[in-house]
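The lines below spell out each chain.
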Amino acid sequence: MRPSHMLRGLFLAAGLLLAPLIARAEDGHDLWLRYRPVEAGAAGVYRASAGTIAPVADTPALTVARAELERGLAGLLGERRDGGGEILLGTPRSSPRIATLNLPLEAAGAEGYRIRTLIEGGRSVTVIAANTDVGVLHGVYRYLALIQTRQPIDRLDLVDAPKVRYRLLNHWDNLDRSVERGYAGQSIWDWWRLPDVRDPRYVDYARANASIGINGAVLNNVNAKSDSLTAPYIAKAAALADTFRPYGIKVYLSARFSSPIEIGGLKTADPLDPAVRAFWKSKADEIYKAIPDFGGFLVKANSEGQPGPQDYGRTHADGANMLAQAVGPHGGIVMWRAFVYSHEQPDDRAKQGYSEFKPFDGQFAENVIVQVKNGAIDFQPREPFHPLFGAMPKTNLGMEFQITKEYLGFSTHLAYLGPMWEEVLKADTLAAGKGSTVAKVVDGKLHGYSRTLMAGVANIGTDRNWSGSQFDQANWYAFGRLAWDPEASSEAIARDWAAMAFSPDKRFVGPAVAMMMGSREAVVDYMTPMGLHHLMGRSHHYGPGPWVAGGERADWTSVYYHRADKAGIGFDRTAKGSNAVAQYAPPAAAGFSDLSTVDEKDLLWFHHLPWGYRTRSGRPLWDELVGRYSRGVKTVGGMQATWADLSPYVDAERHGEVAAYLAIQRREAQWWRDASIAYFQSINGLPLPKGEAPPPLSLEAYEAMQFPFAPGI
Ligand code: BDP
């Protein structure tokens, strides 16, 4: 061997050995679509079936599908893949070859796909077929994901279709590019330069969403400005719609209910006023002229100071149906939010959404979907499922999750939300017997809804990594996957994501997924254990604030929710208290009311109990609470250790970033524990259980902390 060859050989061998150690620098911008080369050992097998791509019809969606497949395969397997296999994509309509195959495609529906390996003349042909072009695109992403996660692809026969029709991101993005509750930089929508300048990022946004099946985006904040509905902004939204269209993604807008006054020159926004109805009808016509496939409106009305039909003595149904009539002829929908709580009612806030909507079951138009947050209060680290699920058999109900972590440590804490959403979706409402899960309400099976929806409040911004942290990308990803299939396993989803976003190496995926799966419970432990809720700092919602009291409204304080005094703690929502339990189906209500059956994770959500109450561990409630606060902090310490061990599998840049964030989380978890314990101890005067360290600062010191520049307000 010539010396130069020997040297090269040596370098190659060293490179192979060190491969995991010298992973190239990355910043997370590529999300789970990194398409990094498959290890040399495995690549050959993949190349044998993923060979050439047969020509496809040149429709917009098939063109991007083909381009994505080429890009993915080139990255994963290289430009030259001459193993002999062929990939054929298309619909029976666009491809005569696919038409003659007569593949059963009913189960693929309008957005799903079938992937099947055929042997033609001794040659492997992988067919990615669908009824629609966008179904093919979804199939392409699935096929690439199989390689990215190192599944076999040589004998495929799988069919998949979404179980929920509207799978939407809700952007709480303002027109000045600030993002309400956004922790990932500014809004990616550059409204000022639109429609002339179309940031290439819009395409990557669409690719990422299409890869997980998200098919719509509400572009602007639910706390909406009517400017969004003026001609210049409609043109800007139309530019985004044009960009997203090939990816099967529609645009929607949040509509401010008082727009007829603000931009229509009317004196009223009364939904029964003919001039108001005419305004909305012509506004809808104007929008559909610019955006023929416009999705529809999302509305926050009579909630937290937003205008709404009740301002005119009308009902939510009156308001929603008026808008539904305006967009209906164009095929649009109205998503009417159930996140309302009255300014007058002194009643338990947890009861108010149900109280305001339940009486109108059956009165909403067919193209209205009432959009309900997962729990009855407000996106807390843990809430029991919202009592409206299962209680509205004659009204399309959709789920609203919050992907951005307003209440779970912003973007610096690592909290994988998959298990939280799975917990809610798997919860049994018992509304129509056992197995009446929230997932079955949301996918429409339980009540036969005509339209189904899952919406997620986006965590996307201008940060290079899109979501503010590497691991928050997993929440965007998991949301899409659960919207596609609300019965999917959050652990399986985490495995796919970890493999694609970091490394498919089992030695990475196992520990990383274990860390992710425990992360949300850790947050619950160090922030709001055992059913406690709404204990965060006032208005910015950063950090602990169990002492928050007084001010504008009682139900914006912490003391309203924890009700701690010398004798005990917790919100009594049983028949002896606010009786919020009565809003659940009787067997569910009975389960929550009875101390012997209620899950301890929800204990203080439903019950007010003495500090000495004996918990299932045998410890008194106070000791158990303190123990859980500490356990949360300890879990974060464990996450730090796990992450340190995973450095061989992760590029230095992302590894360092995650480690730095975990250090913040560890410090803030400790702060939550210490401040909470200092406060509750000041109320109950009890000693700490043995072995528990006292908070290092005085309660006054915790209370005095100010955060005027916390993000997201
Ligand atoms: C709360 C947020 C607030 C939102 C509101 C909503 O703090 O910024 O406007 O939800 O969902 O959790 O409308």
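Residues numbered from 1 in each chain as written. Predicted model: local features only at pLDDT ≥ 70, side-chain atom pairs only at ≥ 80, totals over all residues. Heavy atoms only, no water.

- Going by what an unreviewed UniProt entry lists, the protein is known as Xylan alpha-1,2-glucuronidase and is assigned to Caulobacter endophyticus.
- Within the UniProt record for the protein, the comment given under Sequence similarities (unreviewed entry) is "Belongs to the glycosyl hydrolase 67 family."
- Per UniProt, the protein has the following entry under Subunit (unreviewed entry): "Homodimer." (UniProt positions renumbered as here; feature names shortened; annotations may be inferred.)

## Regarding the sheet that holds strand S4 (residues 123-129)
So, step 1. A sheet is described by the order of its strands in space; here five strands give the open sequence S1-S2-S4-S3-S5, paired in mixed fashion. Each edge of the sheet is formed by a strand with only one pairing partner; in this case those strands are strand S1 (52-53) and strand S5 (157-160).
So, step 2. Inspection of the sheet shows strand S3 (residues 113-120) paired to S5 by four bridges, in the antiparallel sense. In the strand pairing of S5, Arg 116 is matched with Asp 157. (Pairing = 2+ DSSP bridges. Helix = DSSP H or I, 4+ residues; strand = E, 2+ residues; numbered from the N terminus.)

## Quick word on the pattern of salt bridges
So, step 1. Considering all chains together, one arrives at 56 salt bridges under this definition.
So, step 2. Between Asp 285 and Lys 281 there is a salt bridge; the shortest N-O distance is 3.1 Å. Taken together, the positions of Asp 285 and Lys 281, both in helix H9 (residues 274-290) and four residues apart, correspond to about one turn of that helix.
So, step 3. Classification of Asp 285 as partly exposed rests on a relative accessible area of 29%.
So, step 4. Salt-bridge contacts for Arg 673 lead to Glu 692; the nearest nitrogen and oxygen are separated by 2.9 Å. One end of the pair, Arg 673, is in helix H21 (residues 652-684); the other, Glu 692, is in the loop between H21 and helix H22 (699-704), and 19 residues separate them in sequence.
So, step 5. Residues joined in a network through salt bridges with shared partners are Glu 26, Asp 30, Arg 34, Arg 36, Asp 651 and Arg 654. (Salt bridge = Lys/Arg side-chain N within 4 Å of Asp/Glu carboxyl O. Buried < 20%, exposed > 50% of the residue type's maximum accessible area, 1.4 Å probe, protein only.)

## Side note on the site of the ligand
So, step 1. Near the ligand lie 14 residues; those nearest to it are Glu 180, Lys 300, Arg 337, Lys 373 and Glu 406.
So, step 2. Side-chain polar atom of Arg 337 to an oxygen atom of the ligand: 2.6 Å apart, as the coordinates give it.
So, step 3. At a separation of 2.7 Å, an oxygen atom of the ligand approaches a polar side-chain atom of Asp 378.
So, step 4. For the ligand, whose accessible area on its own is 320 Å², the fraction buried by protein is 97%.
So, step 5. Residues belonging to the shell around the ligand are distributed by class as follows: four nonpolar, two polar and eight charged. (Near = heavy atom within 4 Å. Polar contact = N/O pair within 3.5 Å; in protein donor to acceptor, adjacent residues only side chain to side chain. Areas by Shrake-Rupley, 256 points an atom, 1.4 Å probe, with all protein chains shown as cover. Nonpolar A, V, L, I, M, F, W, Y, C, P; charged D, E, K, R; others polar.)

## Thoughts on the packing of aromatic side chains
So, step 1. For the structure on display, the rule yields 43 aromatic pairs.
So, step 2. Between the NZ or CZ atom of Arg 563 and the centre of the ring of Phe 571, over which it lies, the distance is 3.9 Å.
So, step 3. It is Arg 573 that lies over the ring of Trp 605; its NZ or CZ is 5.0 Å from the centre. (Phe/Tyr/Trp six-rings, centres within 6.5 Å; stacked < 30°, edge-to-face > 60°. Lys NZ or Arg CZ within 6 Å of the ring centre and 35° of its normal.)

## A closer look at the pairing of strand S10 (residues 333-337)
So, step 1. Within S10, five of the five residues are buried, which leaves it mostly tucked inside the rest of the structure.
So, step 2. Relative to S10, strand S9 (residues 296-299) is paired through four bridges, and the arrangement is parallel. Directly across from Gly 296, in S10, lies its bridge partner Ile 333.
So, step 3. The handedness of the S9 to S10 crossover, carried by helix H10 (residues 316-327), is right-handed.
So, step 4. Taken together, S10, helix H11 (residues 352-357) and strand S11 (residues 368-373) form a β-α-β motif whose crossover is right-handed. (Right-handed = clockwise from strand over helix to strand, strands pointing away.)

## Points about helix H5 (residues 133-148)
So, step 1. Compared with an ideal rise of 1.5 Å per residue, which puts 16 residues at 22 Å, H5 spans 23 Å between its outermost C-alpha atoms and is within 8% of the ideal.
So, step 2. Where burial is concerned, most of H5 is hidden: 15 out of the 16 residues are buried.
So, step 3. A positive phi of about 60° marks Arg 150, the residue just after H5. (Expected span 1.5 Å × (residues − 1).)

## So, the nonpolar core
So, step 1. Among the nonpolar cores identified, the biggest contains 221 residues, and Tyr 143 and Trp 476 are the most heavily contacted of them.
So, step 2. In this structure, Ile 98, Leu 103, Leu 105 and Ala 129 belong to the second largest nonpolar core, which totals nine residues. (Core = buried A, V, L, I, M, F, W, Y, C linked by side-chain atoms within 4.5 Å.)

## Quick notes on the UniProt feature "active site" (unreviewed entry) in the protein
So, step 1. Mapped onto this numbering, the UniProt entry gives "active site" (unreviewed entry) at Glu 304, Asp 378 and Glu 406.
So, step 2. Relative to the assigned elements, Asp 378 resides in the loop between S11 and strand S12 (397-402).
So, step 3. Take Asp 378: its relative accessible area is 7%, and that puts it in the buried class.
So, step 4. Discounting residues that sit within four places of it in the chain, Asp 378 has contacts with Phe 339, Arg 349, Lys 373, Glu 383 and Tyr 407. (Contact = heavy atoms within 4.5 Å.)

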